[in-house]
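# Residue-level structure breakdown
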Amino acid sequence: DAKIRTNDRVHFVDAALSAQYQEQLLLESEMQLALAEQQIEIFYQPQVDGATHHMTSVEALCRWNNPRLGYIPPDVFIAIAEKTGGIHALGDYVLSQACSEIHCLNRSLQQPLMLSVNISPVQLMQPDFVERIAQIVTQSQLPAELLTLEVTENVLIDDTDKVRQTLNELKALKLHISLDDFGTGFSSLRYINSLPIDEIKIDRAFINDMLQNPHSMNVTRTIIAMGQFNQMKVVAEGVETDEQQAWLTEMGCQLLQGYFFSRPVPLDKLKPMLTLKQTTHST
Ligand code: C2E
Ligand code: MG
Ligand code: MG
Ligand code: MG
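What you see is a predicted model; the values in this text were computed from it and never measured. (Residues numbered from 1 in each chain as written. Chains lettered and ligands numbered in written order. Predicted model: local features only at pLDDT ≥ 70, side-chain atom pairs only at ≥ 80, totals over all residues. Heavy atoms only, no water.)

### Some remarks on the environment of Ser29
- Within the secondary structure, Ser29 sits in helix H1 (residues 2–34).
- By relative accessible area, which is 42% here, Ser29 ends up partly exposed. (Helix = DSSP H or I, 4+ residues; strand = E, 2+ residues; numbered from the N terminus. Buried < 20%, exposed > 50% of the residue type's maximum accessible area, 1.4 Å probe, protein only.)

Here it is as C-alpha coordinates:
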(Lines give C-alpha, C1' and ligand atoms only; values in the text may rest on other atoms or scores of the structure.)
(Ligands and ions follow the chains in the order given, each with its own letter.)
Protein backbone atom coordinates (compact mmCIF):
# COMPACT_ATOMS: atom_id res chain seq x y z
CA ASP A 1 0.00 0.00 0.00
CA ALA A 2 0.82 3.67 -0.18
CA LYS A 3 2.68 3.83 3.11
CA ILE A 4 5.03 1.02 2.21
CA ARG A 5 5.63 2.48 -1.25
CA THR A 6 6.59 5.83 0.30
CA ASN A 7 8.98 4.07 2.60
CA ASP A 8 10.45 2.15 -0.30
CA ARG A 9 11.01 5.33 -2.20
CA VAL A 10 12.69 6.98 0.76
CA HIS A 11 14.84 3.94 1.17
CA PHE A 12 15.77 4.01 -2.53
CA VAL A 13 16.79 7.69 -2.35
CA ASP A 14 18.86 6.99 0.75
CA ALA A 15 20.71 4.19 -1.00
CA ALA A 16 21.44 6.39 -4.02
CA LEU A 17 22.73 9.23 -1.85
CA SER A 18 24.81 6.88 0.15
CA ALA A 19 26.36 5.34 -2.99
CA GLN A 20 27.18 8.83 -4.21
CA TYR A 21 28.68 9.63 -0.84
CA GLN A 22 30.74 6.43 -0.84
CA GLU A 23 32.08 7.29 -4.29
CA GLN A 24 32.96 10.79 -3.08
CA LEU A 25 34.87 9.37 -0.11
CA LEU A 26 36.67 6.90 -2.35
CA LEU A 27 37.74 9.68 -4.73
CA GLU A 28 38.94 11.76 -1.79
CA SER A 29 41.14 8.96 -0.51
CA GLU A 30 42.42 8.10 -4.01
CA MET A 31 43.29 11.77 -4.46
CA GLN A 32 45.73 11.49 -1.54
CA LEU A 33 47.77 8.95 -3.54
CA ALA A 34 47.48 10.69 -6.87
CA LEU A 35 50.59 12.87 -6.51
CA ALA A 36 52.84 10.20 -5.02
CA GLU A 37 51.78 7.72 -7.69
CA GLN A 38 52.39 10.29 -10.44
CA GLN A 39 48.82 10.17 -11.69
CA ILE A 40 48.65 13.95 -12.15
CA GLU A 41 49.69 14.98 -15.65
CA ILE A 42 50.21 18.47 -16.95
CA PHE A 43 48.97 19.42 -20.39
CA TYR A 44 49.79 22.72 -22.09
CA GLN A 45 47.46 24.79 -24.24
CA PRO A 46 49.00 27.40 -26.57
CA GLN A 47 48.01 31.06 -26.51
CA VAL A 48 48.70 32.82 -29.78
CA ASP A 49 49.20 36.42 -30.80
CA GLY A 50 46.04 37.48 -32.66
CA ALA A 51 47.99 39.44 -35.28
CA THR A 52 50.72 36.92 -36.12
CA HIS A 53 49.29 33.62 -34.82
CA HIS A 54 52.66 32.93 -33.21
CA MET A 55 52.54 30.98 -29.97
CA THR A 56 53.61 33.38 -27.24
CA SER A 57 52.53 31.49 -24.17
CA VAL A 58 51.08 28.25 -22.80
CA GLU A 59 48.59 27.56 -20.03
CA ALA A 60 49.28 24.57 -17.78
CA LEU A 61 46.12 22.47 -17.27
CA CYS A 62 46.31 19.41 -15.07
CA ARG A 63 44.63 16.04 -15.60
CA TRP A 64 44.16 13.19 -13.16
CA ASN A 65 44.69 9.77 -14.68
CA ASN A 66 42.79 7.74 -12.09
CA PRO A 67 43.65 4.01 -12.29
CA ARG A 68 40.02 2.98 -11.66
CA LEU A 69 38.17 5.58 -13.74
CA GLY A 70 40.63 6.93 -16.32
CA TYR A 71 40.99 10.69 -16.87
CA ILE A 72 39.00 12.84 -14.46
CA PRO A 73 38.56 16.50 -15.47
CA PRO A 74 40.07 19.18 -13.24
CA ASP A 75 36.69 20.80 -12.61
CA VAL A 76 35.84 17.66 -10.59
CA PHE A 77 39.07 16.86 -8.76
CA ILE A 78 40.22 20.43 -8.01
CA ALA A 79 37.01 20.86 -5.99
CA ILE A 80 37.83 17.68 -4.04
CA ALA A 81 41.40 18.83 -3.44
CA GLU A 82 40.11 22.21 -2.23
CA LYS A 83 37.82 20.47 0.22
CA THR A 84 40.43 18.07 1.62
CA GLY A 85 43.32 20.56 1.66
CA GLY A 86 45.19 18.50 -0.95
CA ILE A 87 45.11 21.57 -3.20
CA HIS A 88 48.28 22.97 -1.58
CA ALA A 89 50.48 20.00 -2.50
CA LEU A 90 48.76 19.70 -5.89
CA GLY A 91 49.17 23.40 -6.64
CA ASP A 92 52.84 23.35 -5.61
CA TYR A 93 53.43 20.29 -7.80
CA VAL A 94 51.78 21.79 -10.89
CA LEU A 95 53.62 25.09 -10.50
CA SER A 96 56.99 23.48 -9.89
CA GLN A 97 56.67 20.95 -12.71
CA ALA A 98 55.31 23.44 -15.26
CA CYS A 99 57.95 26.10 -14.46
CA SER A 100 60.79 23.55 -14.75
CA GLU A 101 59.47 22.04 -17.98
CA ILE A 102 58.92 25.39 -19.68
CA HIS A 103 62.27 26.74 -18.47
CA CYS A 104 63.95 23.68 -19.97
CA LEU A 105 61.97 23.97 -23.22
CA ASN A 106 62.89 27.66 -23.52
CA ARG A 107 66.57 26.77 -23.81
CA SER A 108 65.86 25.29 -27.22
CA LEU A 109 63.65 28.14 -28.44
CA GLN A 110 64.53 31.32 -30.29
CA GLN A 111 61.85 33.23 -28.39
CA PRO A 112 61.09 32.19 -24.78
CA LEU A 113 57.53 31.03 -24.10
CA MET A 114 55.56 32.53 -21.27
CA LEU A 115 53.70 30.25 -18.88
CA SER A 116 50.31 30.64 -17.19
CA VAL A 117 49.33 28.56 -14.16
CA ASN A 118 45.89 28.45 -12.53
CA ILE A 119 45.77 29.21 -8.82
CA SER A 120 42.88 28.17 -6.59
CA PRO A 121 41.42 30.83 -4.26
CA VAL A 122 42.15 28.39 -1.42
CA GLN A 123 45.86 28.59 -2.27
CA LEU A 124 45.81 32.36 -2.61
CA MET A 125 44.32 32.81 0.87
CA GLN A 126 47.03 30.66 2.51
CA PRO A 127 49.20 32.90 4.78
CA ASP A 128 52.51 31.64 3.32
CA PHE A 129 51.27 31.65 -0.29
CA VAL A 130 53.70 34.28 -1.62
CA GLU A 131 56.75 32.67 0.01
CA ARG A 132 55.79 29.27 -1.42
CA ILE A 133 55.41 30.73 -4.90
CA ALA A 134 58.70 32.63 -4.64
CA GLN A 135 60.56 29.52 -3.53
CA ILE A 136 59.12 27.29 -6.25
CA VAL A 137 59.79 29.79 -9.01
CA THR A 138 63.37 30.40 -7.85
CA GLN A 139 64.04 26.67 -7.67
CA SER A 140 62.70 26.10 -11.19
CA GLN A 141 64.99 28.87 -12.54
CA LEU A 142 62.20 30.13 -14.81
CA PRO A 143 62.56 33.94 -14.92
CA ALA A 144 59.64 35.27 -12.85
CA GLU A 145 58.64 37.73 -15.57
CA LEU A 146 57.72 34.76 -17.79
CA LEU A 147 55.14 33.50 -15.31
CA THR A 148 51.48 34.53 -15.08
CA LEU A 149 49.21 33.36 -12.26
CA GLU A 150 45.55 32.99 -13.25
CA VAL A 151 42.97 33.68 -10.56
CA THR A 152 39.20 33.86 -10.95
CA GLU A 153 37.22 36.99 -10.26
CA ASN A 154 35.58 35.39 -7.25
CA VAL A 155 38.76 35.66 -5.18
CA LEU A 156 38.31 39.41 -5.22
CA ILE A 157 35.07 39.25 -3.22
CA ASP A 158 36.39 37.51 -0.17
CA ASP A 159 38.80 39.83 1.56
CA THR A 160 39.81 42.63 -0.72
CA ASP A 161 42.55 44.07 1.50
CA LYS A 162 44.23 40.70 1.94
CA VAL A 163 43.94 39.92 -1.78
CA ARG A 164 45.29 43.34 -2.71
CA GLN A 165 48.32 42.84 -0.47
CA THR A 166 48.98 39.36 -1.86
CA LEU A 167 48.72 40.54 -5.45
CA ASN A 168 51.05 43.45 -4.74
CA GLU A 169 53.62 41.07 -3.22
CA LEU A 170 53.38 38.83 -6.30
CA LYS A 171 53.90 41.87 -8.53
CA ALA A 172 56.98 42.78 -6.50
CA LEU A 173 58.38 39.36 -7.48
CA LYS A 174 57.81 40.41 -11.14
CA LEU A 175 55.03 37.87 -11.71
CA HIS A 176 51.99 38.74 -13.82
CA ILE A 177 48.39 38.41 -12.67
CA SER A 178 45.54 37.31 -14.92
CA LEU A 179 41.80 37.31 -14.19
CA ASP A 180 40.39 34.05 -15.54
CA ASP A 181 36.80 33.38 -16.70
CA PHE A 182 36.18 37.10 -16.77
CA GLY A 183 32.60 38.33 -17.13
CA THR A 184 30.92 35.41 -15.36
CA GLY A 185 31.34 36.39 -11.75
CA PHE A 186 31.71 39.41 -9.60
CA SER A 187 33.07 42.13 -11.88
CA SER A 188 33.13 45.40 -10.05
CA LEU A 189 35.13 47.68 -12.30
CA ARG A 190 36.16 49.72 -9.29
CA TYR A 191 37.98 46.76 -7.71
CA ILE A 192 39.45 45.54 -10.93
CA ASN A 193 40.88 48.90 -11.83
CA SER A 194 42.37 49.36 -8.39
CA LEU A 195 44.14 45.97 -8.32
CA PRO A 196 47.44 45.15 -10.05
CA ILE A 197 45.89 43.05 -12.83
CA ASP A 198 47.97 42.58 -16.00
CA GLU A 199 45.59 40.48 -18.06
CA ILE A 200 41.94 39.48 -18.36
CA LYS A 201 40.62 36.33 -20.01
CA ILE A 202 37.18 36.62 -21.55
CA ASP A 203 35.18 33.59 -20.43
CA ARG A 204 34.67 31.08 -23.17
CA ALA A 205 30.87 31.18 -22.76
CA PHE A 206 30.90 34.62 -24.44
CA ILE A 207 33.26 33.56 -27.23
CA ASN A 208 31.19 30.44 -27.78
CA ASP A 209 28.01 32.26 -28.76
CA MET A 210 29.08 35.81 -29.59
CA LEU A 211 28.32 35.31 -33.30
CA GLN A 212 24.75 34.21 -32.52
CA ASN A 213 24.06 36.30 -29.44
CA PRO A 214 24.39 40.11 -29.58
CA HIS A 215 24.63 40.29 -25.78
CA SER A 216 27.74 38.08 -25.77
CA MET A 217 29.21 40.11 -28.63
CA ASN A 218 28.65 43.31 -26.62
CA VAL A 219 30.25 41.83 -23.50
CA THR A 220 33.24 40.67 -25.54
CA ARG A 221 33.66 44.08 -27.19
CA THR A 222 33.33 45.85 -23.84
CA ILE A 223 35.93 43.68 -22.13
CA ILE A 224 38.40 44.21 -25.00
CA ALA A 225 37.86 48.00 -24.77
CA MET A 226 38.22 47.92 -20.98
CA GLY A 227 41.51 46.05 -21.31
CA GLN A 228 42.80 48.59 -23.81
CA PHE A 229 41.87 51.56 -21.58
CA ASN A 230 43.62 49.97 -18.62
CA GLN A 231 46.71 48.72 -20.45
CA MET A 232 45.79 45.13 -19.68
CA LYS A 233 46.33 42.25 -22.06
CA VAL A 234 43.11 40.61 -23.17
CA VAL A 235 42.90 36.89 -23.93
CA ALA A 236 39.89 35.26 -25.57
CA GLU A 237 39.53 31.67 -24.37
CA GLY A 238 37.60 28.90 -26.08
CA VAL A 239 38.19 30.11 -29.64
CA GLU A 240 36.94 27.22 -31.75
CA THR A 241 36.31 28.61 -35.25
CA ASP A 242 38.08 30.64 -37.89
CA GLU A 243 35.17 33.10 -37.87
CA GLN A 244 35.53 33.69 -34.12
CA GLN A 245 39.27 34.30 -34.38
CA ALA A 246 38.77 36.70 -37.30
CA TRP A 247 36.19 38.75 -35.37
CA LEU A 248 38.31 38.82 -32.21
CA THR A 249 41.37 39.98 -34.11
CA GLU A 250 39.28 42.62 -35.88
CA MET A 251 38.03 43.85 -32.48
CA GLY A 252 41.62 44.17 -31.26
CA CYS A 253 41.88 41.18 -28.92
CA GLN A 254 45.64 40.56 -28.66
CA LEU A 255 45.73 36.95 -27.48
CA LEU A 256 43.71 33.94 -28.52
CA GLN A 257 43.42 30.48 -27.01
CA GLY A 258 41.17 27.57 -27.97
CA TYR A 259 40.66 24.37 -29.90
CA PHE A 260 40.88 26.28 -33.20
CA PHE A 261 44.62 26.67 -32.51
CA SER A 262 45.27 23.65 -30.32
CA ARG A 263 43.76 21.54 -27.58
CA PRO A 264 45.77 21.20 -24.38
CA VAL A 265 48.58 18.72 -25.21
CA PRO A 266 51.33 16.88 -23.33
CA LEU A 267 54.79 18.47 -23.44
CA ASP A 268 56.16 16.19 -26.16
CA LYS A 269 53.29 17.20 -28.49
CA LEU A 270 53.94 20.88 -27.78
CA LYS A 271 57.56 20.82 -28.94
CA PRO A 272 56.85 20.13 -32.63
CA MET A 273 54.59 23.21 -32.73
CA LEU A 274 57.48 25.53 -31.87
CA THR A 275 60.30 27.09 -33.83
CA LEU A 276 63.46 25.52 -32.52
CA LYS A 277 66.83 27.25 -32.35
CA GLN A 278 69.18 26.56 -35.24
CA THR A 279 71.76 24.29 -33.68
CA THR A 280 75.22 23.59 -35.01
CA HIS A 281 76.06 20.02 -34.16
CA SER A 282 79.57 20.38 -32.83
CA THR A 283 79.49 17.79 -30.08
P1 C2E B 1 40.35 27.45 -17.16
O2 C2E B 1 41.58 27.89 -16.47
O3 C2E B 1 39.36 28.50 -17.53
O4 C2E B 1 40.86 26.65 -18.41
C5 C2E B 1 40.24 26.65 -19.66
C6 C2E B 1 39.44 25.39 -19.87
O7 C2E B 1 38.80 25.46 -21.15
C8 C2E B 1 40.30 24.12 -19.93
O9 C2E B 1 39.51 23.05 -19.41
C10 C2E B 1 40.51 23.94 -21.43
O11 C2E B 1 40.81 22.60 -21.78
C12 C2E B 1 39.17 24.36 -21.95
N13 C2E B 1 39.24 24.84 -23.33
C14 C2E B 1 40.25 25.46 -23.94
N15 C2E B 1 39.96 25.80 -25.20
C16 C2E B 1 38.69 25.36 -25.42
C17 C2E B 1 37.80 25.42 -26.56
O18 C2E B 1 38.12 25.92 -27.63
N19 C2E B 1 36.56 24.88 -26.37
C20 C2E B 1 36.18 24.31 -25.20
N21 C2E B 1 34.95 23.79 -25.13
N22 C2E B 1 36.99 24.25 -24.11
C23 C2E B 1 38.23 24.77 -24.22
P24 C2E B 1 40.13 22.01 -18.38
O25 C2E B 1 41.52 21.69 -18.78
O26 C2E B 1 39.13 20.91 -18.25
O27 C2E B 1 40.20 22.83 -17.03
C28 C2E B 1 39.03 23.28 -16.40
C29 C2E B 1 39.35 24.21 -15.26
O30 C2E B 1 40.03 23.52 -14.21
C31 C2E B 1 40.29 25.35 -15.65
O32 C2E B 1 39.54 26.36 -16.28
C33 C2E B 1 40.83 25.75 -14.29
O34 C2E B 1 39.91 26.59 -13.64
C35 C2E B 1 40.87 24.42 -13.55
N36 C2E B 1 42.27 23.93 -13.56
C37 C2E B 1 42.94 23.24 -14.49
N38 C2E B 1 44.21 22.99 -14.10
C39 C2E B 1 44.34 23.55 -12.87
C40 C2E B 1 45.43 23.64 -11.92
O41 C2E B 1 46.55 23.19 -12.14
N42 C2E B 1 45.16 24.31 -10.75
C43 C2E B 1 43.93 24.86 -10.49
N44 C2E B 1 43.75 25.48 -9.31
N45 C2E B 1 42.91 24.79 -11.35
C46 C2E B 1 43.11 24.16 -12.53
MG1 MG C 1 42.88 29.33 -16.68
MG1 MG D 1 39.13 30.25 -18.08
MG1 MG E 1 37.38 27.86 -15.83
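### With respect to the packing of aromatic side chains
- In this structure the tally under the stated criterion is 2 aromatic pairs.
- Consider the rings of Trp64 and Phe77, whose centres lie 5.9 Å apart with planes at 75°: the pair is edge-to-face. Of this pair, Trp64 sits in strand S2 (residues 55–66) while Phe77 sits in helix H2 (residues 74–84), placing them 13 residues apart in sequence.
- On the basis of relative accessible area, Phe77 is assigned to the buried category, the value being 0%.
- With a centroid separation of 5.0 Å and 85° between ring planes, the pair formed by Phe260 and Phe261 is classed as edge-to-face. (Phe/Tyr/Trp six-rings, centres within 6.5 Å; stacked < 30°, edge-to-face > 60°.)

### Some thoughts on the coordination of the magnesium ion (ligand 2)
- Protein coordination at the magnesium ion (ligand 2): the donors are Glu59 (OE), Asn118 (OD1), Glu150 (OE) and Asp180 (OD), at 2.0 to 2.3 Å from the metal.
- Spacing between the donor residues of the magnesium ion (ligand 2) along their common chain follows E-x58-N-x31-E-x29-D.
- The distance between the magnesium ion (ligand 2) and the magnesium ion (ligand 3) comes to 4.1 Å, and Asp180 binds to both of them. Of the two residues, Glu59 sits in strand S2 while Asn118 sits in strand S4 (residues 114–118), which places them 59 residues apart along the sequence.
- When its relative accessible area of 4% is taken as the criterion, Glu59 is described as buried.
- Judged by relative accessible area, Asn118 falls into the partly exposed class, the value being 29%. (Donors = N, O, S within 2.8 Å, 3.2 Å for Na, K, Ca; no water.)

### Here we look at the pattern of salt bridges
- Tallied over the entire structure, the rule returns 8 salt bridges.
- Where Arg68 meets Glu30, a salt bridge forms, and the shortest distance between an N and an O atom there is 2.8 Å. A residue pair is termed long-range when its members are at least 10 positions apart, and Arg68 in the loop between S2 and strand S3 (70–72) and Glu30 in helix H1 qualify at 38 residues.
- According to the relative accessible area criterion, Glu30 is buried, its value standing at 18%.
- One salt bridge connects Lys171 with Asp198, and the closest N-O pair in it is separated by 2.9 Å. In this pair, Lys171 is assigned in helix H7 (residues 160–172) and Asp198 in the loop between helix H8 (189–194) and strand S7 (199–202), connecting sequence segments 27 residues apart.
- Here Asp198 falls in the partly exposed class, since its relative accessible area comes to 21%.
- Salt bridges sharing common partners tie together Glu23, Glu30 and Arg68. (Salt bridge = Lys/Arg side-chain N within 4 Å of Asp/Glu carboxyl O.)

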